[in-house]
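Survey of secondary and tertiary structure
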Amino acid sequence: MRTVKPLLCVSKHLAPLRWLSKPRNCSNAARASSGEKKTGVSDSFRRQVASGPRFQDFIKSPPVTLAVNCEHTDEHYLSEDLGLLGDARKVYFETYGCQMNVNDTEIAWSILQKKGYQRTADLKQADVVLLVTCSIREKAEQTIWNRLQQLTAMKKKRLKTNSPVKIGILGCMAERLKTELLEREKLVDVLAGPDAYRDLPRLLAAATAGGQQASNVLLSLEETYADIMPVQHASQGRSAFVSIMRGCDNMCSYCIVPFTRGRERSRPVSSILEEVRMLSEQGVKEVTLLGQNVNSYRDTSEVQFCGSERTKLSRGFSTIYRAKQGGLRFSDLLDLVSRIDPDMRIRFTSPHPKDFPDEVLQLIAERQNVCKQIHLPAQSGSNQVLKAMRRGYTREAYLDLVDNIKQIIPDVSLSSDFISGFCGETDDDHQQTLSLIREVGFNVGFLFAYSMRKKTHAFHRLQDDVAPQVKQRRLEECISVFREEAERVNAAVVGSTQLVLVEGESKRSAEDLCGRTDGNMKVIFPKEDVAVQASASNTAPIRGGGYVLVKILSAGSQSLRGRALSHSSLISTPTPSCDGYK
Ligand code: 5AD
Ligand code: SF4
């Protein structure tokens, strides 16, 4: 009986490495059955190698078969046609972490749907449970480990009832913890890293047919899933995420992303435009362009756009990587995307402050449907900490950029990310962060306690020397200053009229609706019929996915309250003045 399950590793570019796992995983079983001496290579293994793939197979041909069993007889290989179909098996997804993961879920689902899988929102009905995971902080991973324990307990129970379920880990955690996941959680069946979702049908087929653990965690220099139209689920189909680039080259010293999601690569512009056009035809009213470093987008695949110009970094910013040359830049893409549908709002996240040339800011200011909202992750307000974080800017350069942004886009809403308690952070550094938060006046913030991640520059070179309770205290201080500032910034819109894209019923009360302003602030307002357009006498109910003008009556740190005045549209509404629409 075989005790070691073969760890299956397949690449989307290479033919399956079916003979490689033989010596490691199968030798004992093969020897036992053939009576062969320990030192020799079995005849059957030689035969396997001889009949296995040639060197050329690894270079040119796409994989058509998949090794699922170390005995390597032909019947253990799955043909592309027969073995990979979903057979209406039901997949249940759970998504953790950032918006990129929401988009990745849609990509993975799109791939499986084409192979005949069905999707279920009921865990009990699922034949396959896929967790799309996040590794950015220890806490995110711990949540997933805990969830895995519940799921594997469920899997054991289901084995007894003859309705087996397969468990798959997708995304960053699969990439970071491949061996630990397969060894510690023996009941995990499939691992697919962020660049391996195309392999999911094959991995699932392997796990189902052979009962083996199957994994592909290879990172790619090219994969952008450009040709895969994600199946959108967000906000009842009225808002959609469109991934425009993947990976990150910045190597901030605290960050695991470059290791889990690989090198930066941009999706060709034509496929982005095609997806946005399709979404517009489906009635989607808001598109968020996504990427780990969204504004360093650069598509060099479209020859007609190629120039010799280098990426211009914002003043006072640097990068440890050589900036890319030529091609279509983020400002060009934003220009093209925003022309597709003037009634569709365009947002983007998450940018890096280094890539905000004036062209981008001017376009945001001028283009009616590009939201006047910028996420500008600062991470710290102290030069000493920014240097240790390898952010490539100083506090002064960041504040200069904020001034420039406010000058070009006077009504801009700014949000940011901060990390409290990074290696070597002193109380004085922390005070500088608080003062930066006060100085800028963000209206939304994402604040985190530092969590040391293996592989990063900080892990190798710096000391995680801020005590957990000190990190926590500093984090809480940042949160409270953020709240005060957000309240102040939001209070400034009370009395104004804002164009709100309606999301649907408020979570708290069925009497209320909720939607978002151009600045991405949540607005709650009573559900009532309003004039079909400003100054019209006939009224109509308000529905999700429509625009309404809302008079803002009060503000808190997290949301605004108001009253709807009339239905509206982006096209019929002038660009807001600093206190909203007059
Ligand atoms: N610890 C805490 N926060 C982190 N972030 C990234 N890496 C870490 C880490 N190791 C935060 C940064 C980033 C956001 C997505 O997550 O603020 O902008
Ligand atoms: Fe991580 Fe820095 Fe890249 Fe953002 S820019 S994903 S923080 S390495």
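All figures in this text were calculated on a predicted structure; none of them were measured in a lab.

**So, the site of ligand 1**
In the vicinity of ligand 1, the residues found are Ile136, Arg137, Tyr254, Gln379, Asp417, Ile419, Phe448, Ala449, Tyr450, Ser451 and Arg453. Taking Gln379, its side chain carries an N or O atom lying 2.7 Å from an oxygen atom of ligand 1. The contact in question runs from a nitrogen atom of ligand 1 to an N or O atom on the backbone of Ser451, over 2.8 Å. Within the complex, the protein chains bury 86% of what would otherwise be the 410 Å² of accessible surface of ligand 1. Mapped by element, the contributors of at least two residues to the shell around ligand 1 are strand E18 (413–420) and strand E19 (444–449). The class makeup of the residues in the shell around ligand 1 is six nonpolar, two polar and three charged.

**Observations regarding the sheet that holds strand E13 (residues 286–290)**
An order of E10-E13-E16 is seen for the three strands of this open sheet, with the pairing classed as parallel. The outermost strands of the open sheet, each flanked by one partner alone, are strand E10 (239–243) and strand E16 (345–349). This sheet shows a mean twist of 25° between the axes of neighbouring strands, independent of strand direction.

**Digging into the packing of helix H5 (residues 99–114) against helix H9 (residues 200–210)**
Between H5 and H9, the shortest axis-to-axis distance is 9 Å and the interhelical angle comes to 65°. Judged by residue contacts, Ala108, Ile111 and Leu112 of H5 engage Leu200, Pro201 and Leu204 from H9.

**Side note on unusual backbone geometry**
For the peptide bond that leads from Thr349 to Ser350, omega is 5°, which places it in the cis range. Relative to the helices and strands, Ser350 is located in the loop between E16 and helix H13 (358–366). Positive phi, close to 60°, is recorded for Ala88, a residue that is not glycine. Tracing the sequence through the fold places Ala88 in the loop between helix H4 (80–83) and strand E4 (90–95). The exposure class of Ala88 is partly exposed, given its relative accessible area of 37%.

**A look at the confidence of the model for the protein chain**
Overall, the predicted model of the protein chain reaches an average pLDDT of 84, with 80% of residues at or above 70. A low-confidence stretch, residues 303–308 (pLDDT under 50), is modelled with nine contacts involving residues beyond four sequence positions or located in other chains. Taken as a whole, residues 577–582 scores under 50 in pLDDT and shows 16 contacts with residues more than four places along the chain or in a different chain.

**Let's talk about the site of ligand 2**
Close to ligand 2 lie Cys248, Asn250, Met251, Cys252, Tyr254, Cys255, Val257, Pro258, His352 and Arg391. Residues belonging to the shell around ligand 2 are distributed by class as follows: seven nonpolar, two polar and one charged.

**A few points about the side chain of Asp343**
Checked against the element boundaries, Asp343 lands in the loop between helix H12 (330–340) and E16. If sequence neighbours within four positions are ignored, Asp343 has contacts with Lys285, Tyr547, Ser569, Leu570 and Ile571.

**Focus: helix H16 (residues 427–440)**
Compared with an ideal rise of 1.5 Å per residue, which puts 14 residues at 20 Å, H16 spans 20 Å between its outermost C-alpha atoms and is within 8% of the ideal. The set of residues buried in H16 consists of Asp429, His430, Thr433, Leu434, Leu436, Ile437 and Val440. Along the long axis of H16, the arc covered by the buried residues comes to 155°, so they all point the same way. Along its buried surface, H16 packs onto helix H14 (383–389), helix H15 (395–408), E18 and helix H18 (468–491). Just beyond H16, the residue with positive phi is Gly441, at close to 75°.

**Topic: the sheet that holds E18**
Taken together, three strands build an open sheet; the order of strands is E17-E18-E19 and the sheet is parallel. One side of each edge strand has no neighbouring strand; the edge strands of this open sheet are strand E17 (373–375) and E19. Sheet twist, expressed as the mean angle between neighbouring strand axes with direction ignored, is 10°. Two strands pair when backbone bridges link them, and E18 and E19 are joined in this way by six bridges, in the parallel orientation.

**A closer look at the nonpolar core**
With 55 residues, the main nonpolar core has Ile244, Leu289, Leu334 and Ile374 as its most contacted residues. Summarising the domain contributions, this core has at least three residues from each of domain 3 (239–365) and domain 4 (372–492). Beyond its immediate stretch of four places on either side in the chain, Leu289 contacts Val242, Ile244, Val294, Phe330, Leu333, Leu334, Val337, Ile346, Arg347, Phe348 and Thr349. Judged by nonpolar contacts, the second largest core, of 24 residues, contains Ile107, Leu170, Tyr197 and Leu200.

**Some remarks on the pattern of salt bridges**
This structure, assessed with the given rule, holds 34 salt bridges. Glu275 is the salt-bridge partner of Arg267, the closest N and O atoms lying 2.8 Å from each other. Overall, Arg267 belongs to the buried group, its relative accessible area being 3%. Across the pair Arg367 and Asp335 runs a salt bridge, and its minimum N-O distance is 2.9 Å. Within this pair, whereas Arg367 is found in the loop between H13 and E17, its partner Asp335 is found in helix H12, the two being separated by 32 residues in sequence. You'll find Arg367 and Asp335 in the same group, each marked buried. Shared partners join several salt bridges into a network, and the residues in it are Asp104, Asp195, Arg246, Arg261 and Arg265.

**Details of the packing of H13 against H15**
Taken N-terminus to C-terminus, the directions of H13 and H15 make an angle of 35°; their axes are 9 Å apart at the nearest point. The crossing of H13 and H15 is right-handed. Side by side, H13 and H15 meet where Asp358, Leu361, Gln362 and Ala365 of the first sit next to Asn404, Ile405 and Ile408 of the second. Across the contact of H13 with H15, the residue classes tally to four nonpolar, two polar and one charged.

**Some points on the packing of aromatic side chains**
Between two aromatic rings, the relevant description is the distance of the centres plus the angle of the planes. Within this structure, the stated rule accounts for eleven aromatic pairs. With a centroid separation of 5.6 Å and 20° between ring planes, the pair formed by Tyr197 and Tyr225 is classed as stacked. Separated by 28 residues along the polypeptide, Tyr197 in the loop between strand E8 (190–192) and H9 and Tyr225 in the loop between strand E9 (214–216) and E10 bring together distant segments of the chain. Like Tyr197, the residue Tyr225 is buried in the burial classification. An angle of 70° between the planes, with centres 6.0 Å apart, marks the rings of Phe418 and Phe482 as edge-to-face. Taken together, the residues Phe418 in strand E18 and Phe482 in helix H18 connect sequence positions 64 residues apart. By the burial criterion, Phe418 is buried, and Phe482 matches it. An aromatic cluster of three or more residues is present, and its members are Tyr254, Phe422 and Tyr450. When the ring centre of Phe448 is taken as origin, the NZ or CZ atom of Arg137, which lies over that ring, is 3.7 Å away.

What counts as what
- Residues numbered from 1 in each chain as written.
- Chains lettered and ligands numbered in written order.
- Predicted model: local features only at pLDDT ≥ 70, side-chain atom pairs only at ≥ 80, totals over all residues.
- Heavy atoms only, no water.
- Near = heavy atom within 4 Å.
- Polar contact = N/O pair within 3.5 Å; in protein donor to acceptor, adjacent residues only side chain to side chain.
- Areas by Shrake-Rupley, 256 points an atom, 1.4 Å probe, with all protein chains shown as cover.
- Helix = DSSP H or I, 4+ residues; strand = E, 2+ residues; numbered from the N terminus.
- Nonpolar A, V, L, I, M, F, W, Y, C, P; charged D, E, K, R; others polar.
- Pairing = 2+ DSSP bridges.
- Axes fitted to C-alpha atoms, helices over the stretch in contact; angles between N-to-C directions.
- Contact = heavy atoms within 4.5 Å.
- Buried < 20%, exposed > 50% of the residue type's maximum accessible area, 1.4 Å probe, protein only.
- pLDDT = per-residue confidence, 0-100.
- Expected span 1.5 Å × (residues − 1).
- Arc of directions from axis to C-beta.
- Core = buried A, V, L, I, M, F, W, Y, C linked by side-chain atoms within 4.5 Å.
- Domains from an automatic or database assignment.
- Salt bridge = Lys/Arg side-chain N within 4 Å of Asp/Glu carboxyl O.
- Left-handed = near helix turned anticlockwise from the far one by under 90°.
- Phe/Tyr/Trp six-rings, centres within 6.5 Å; stacked < 30°, edge-to-face > 60°.
- Lys NZ or Arg CZ within 6 Å of the ring centre and 35° of its normal.

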